[in-house]
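# Examination of the molecular architecture
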Amino acid sequence: MGIYSDIKEDFSNAYKNDPALNSKLDFLFNYPGVWAIAWYRVGSRLHNAGFKRLARMIMGLTQIFTHIDIHPAARIGQRVFIDHGTGVVIGETSIIEEDVVIYQGVTLGGVSLQQGKRHPTIRKGAVLGAGSKILGNIIIGEYAKIGANSVVVKEVPDCSTAIGIPAHVIEKGRCTDPFMHNMLPDINKEMFEYLLKRVAVLEHILVEDNKSVLEEDLELENIYESFIKAMKN
């Protein structure tokens, strides 16, 4: 497809991914992610044609107006949608395949200063939750979902969900509705509930096995209190 066809498809794709889009006028003021992708198409072609400095200038100006930082050397497929977009960073060697959805604050970053592939590869249909950080030359599988504010440093299989810091896979082999973010479990809540129940069990065991010790401790406490009262009098 040509550059104009790609950009036209990017604009059309916004209607598919955002029910809040009601008119073409909205594009001018409320969809920096769409504009960032559109200007990336221009910058990427210039970069590939050898006009690297001009490409960086275009993407630098785009960053000022959209608050989205995309390196023109990154490879971004068709129908990629950046929703809201503020704070999104896409590094130089990132690869993003078709139909990926990226929310605000996402970073596709590197963990090495060496030349070569050092940024993530995002496979077709993946959804990257708001604020998530995907670091290093790792692969996020097809139709995978990354929970909001997760930090991903290891590969995520196809049709899986990863959450946490560092992120770990909590669900595999299910290509469900990509927008069901409310279905993600609360790992912290579940861990606290487990710890509270565990402490209650241990306390019960200690009480049952050490009744005589507890009675002696209580007797000592009474003697100590009587001694303190006698000293005051």
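For the structure itself, consult the block above.
Below is a short write-up of the structure. (Residues numbered from 1 in each chain as written. Predicted model: local features only at pLDDT ≥ 70, side-chain atom pairs only at ≥ 80, totals over all residues. Heavy atoms only, no water.)

### Some remarks on helix α3 (residues 32-48)
- For α3, with 17 residues, the first-to-last C-alpha span of 24 Å sits near the 24 Å given by 1.5 Å per residue.
- Turning to α3, its buried residues number three or more, namely Pro-32, Gly-33, Val-34, Ala-36, Ile-37, Ala-38, Tyr-40, Arg-41, Gly-43, Ser-44 and His-47.
- Trailing α3 by a residue or two, Gly-50 shows a phi angle of about 100°, which is positive. (Helix = DSSP H or I, 4+ residues; strand = E, 2+ residues; numbered from the N terminus. Expected span 1.5 Å × (residues − 1). Buried < 20%, exposed > 50% of the residue type's maximum accessible area, 1.4 Å probe, protein only.)

### Regarding the nonpolar core
- The biggest cluster of nonpolar side chains holds 30 residues, and the ones touching the most others in it are Ile-70, Ile-90, Ile-96, Ile-102, Ile-122, Ile-134 and Ile-140.
- Taken together, the elements giving at least two residues each to this core come down to α3 and α4 (52-66).
- Considering each element in turn, this core owes the most residues, three residues, to α3.
- Look past the residues within four positions of Ile-70 in its chain and what remains in contact with it is Ala-36, Ile-37, Tyr-40, Met-59, Ile-76, Ile-82 and Ile-90.
- By size, the runner-up hydrophobic cluster in this structure holds 11 residues, among which are Phe-11, Tyr-31, Ala-38 and Val-101. (Core = buried A, V, L, I, M, F, W, Y, C linked by side-chain atoms within 4.5 Å. Contact = heavy atoms within 4.5 Å.)

### Thoughts on the environment of Asn-30
- For Asn-30, the position within the fold is in helix α2 (residues 26-30).
- Here Asn-30 falls in the partly exposed class, since its relative accessible area comes to 48%.
- With 53 residues separating them along the chain, Asn-30 and Asp-83 place their C-alpha atoms 9.9 Å apart.

### Considering a nonpolar patch on the surface
- On the surface, Phe-51, Leu-54 and Met-57 cluster together into a nonpolar patch covering about 310 Å² of accessible area.
- When you line up the elements, Met-57 lands in helix α4. (Patch = residues over 30% accessible without salt bridge, like charges linked within 9 Å, V, L, I, M, F, W, Y side chains within 5 Å. Areas by Shrake-Rupley, 256 points an atom, 1.4 Å probe, with all protein chains shown as cover. Salt bridge = Lys/Arg side-chain N within 4 Å of Asp/Glu carboxyl O.)

### A closer look at the sheet that holds strand β5 (residues 95-96)
- One open sheet accounts for four strands, arranged β2-β5-β8-β11; its pairing is parallel. Taken across any chain shown, the strands that pair with only one partner, and hence form the sheet edges, are β2 (75-76) and β11 (139-140).
- One ladder, built from two bridges, connects strand β8 (residues 121-122) with β11; its direction is parallel. Bridge assignment links Ile-122 to a residue of β11, and that residue is Ile-140. (Pairing = 2+ DSSP bridges.)

### Remarks on the side chain of Glu-97
- Looking at the secondary structure, you find Glu-97 in the loop between β5 and β6 (101-102).
- Within the local environment of Glu-97, its side chain forms a polar contact with the backbone nitrogen of Lys-124, the two atoms lying 3.0 Å apart.
- Residues within four places of Glu-97 in sequence aside, it is in contact with Gly-77, Val-80, Ile-122, Arg-123 and Lys-124. (Polar contact = N/O pair within 3.5 Å; in protein donor to acceptor, adjacent residues only side chain to side chain.)

### Observations regarding the pattern of salt bridges
- As enumerated under the stated definition, the model contains three salt bridges in all.
- One salt bridge connects Glu-92 with Arg-118, and the closest N-O pair in it is separated by 2.8 Å. Linking Glu-92 in the loop between β4 (89-90) and β5 with Arg-118 in the loop between β7 (107-109) and β8, this pair joins segments that are 26 residues apart in sequence.
- Using a relative accessible area of 29% as the deciding quantity, one classes Glu-92 as partly exposed.
- On the basis of relative accessible area, Arg-118 is assigned to the buried category, the value being 18%.
- A salt bridge links Glu-97 to Arg-123; the shortest N-O distance between them is 2.6 Å. Note that Glu-97 is positioned in the loop between β5 and β6 and Arg-123 in the loop between β8 and β9 (127-128), a separation of 26 residues in sequence.
- Assessed through its relative accessible area of 19%, Glu-97 is described here as buried.

### Let's talk about the environment of Ala-144
- Here Ala-144 shows up in the loop between β11 and β12 (145-146).
- Judged by relative accessible area, Ala-144 falls into the buried class, the value being 1%.
- It is 8.8 Å that separates the C-alpha atoms of Ala-144 and Lys-124, two residues lying 20 residues apart in sequence.
- Beyond its immediate sequence surroundings of up to four residues, Ala-144 is in contact with Ala-126, Val-127, Val-156, Pro-157, Cys-159 and Ser-160.

### Some points on unusual backbone geometry
- With an omega dihedral of -10°, the bond running from Ile-165 to Pro-166 counts as a cis peptide bond.
- By the element assignment, Pro-166 lies in the loop between β14 (161-164) and β15 (167-171).
- Located in the positive-phi region is His-84, a residue other than glycine, with phi close to 65°.
- Checked against the element boundaries, His-84 lands in the loop between β3 (81-82) and β4.
- Not every positive phi belongs to a glycine, and Tyr-143 is a case in point at roughly 60°.
- The topology assignment puts Tyr-143 in the loop between β11 and β12.

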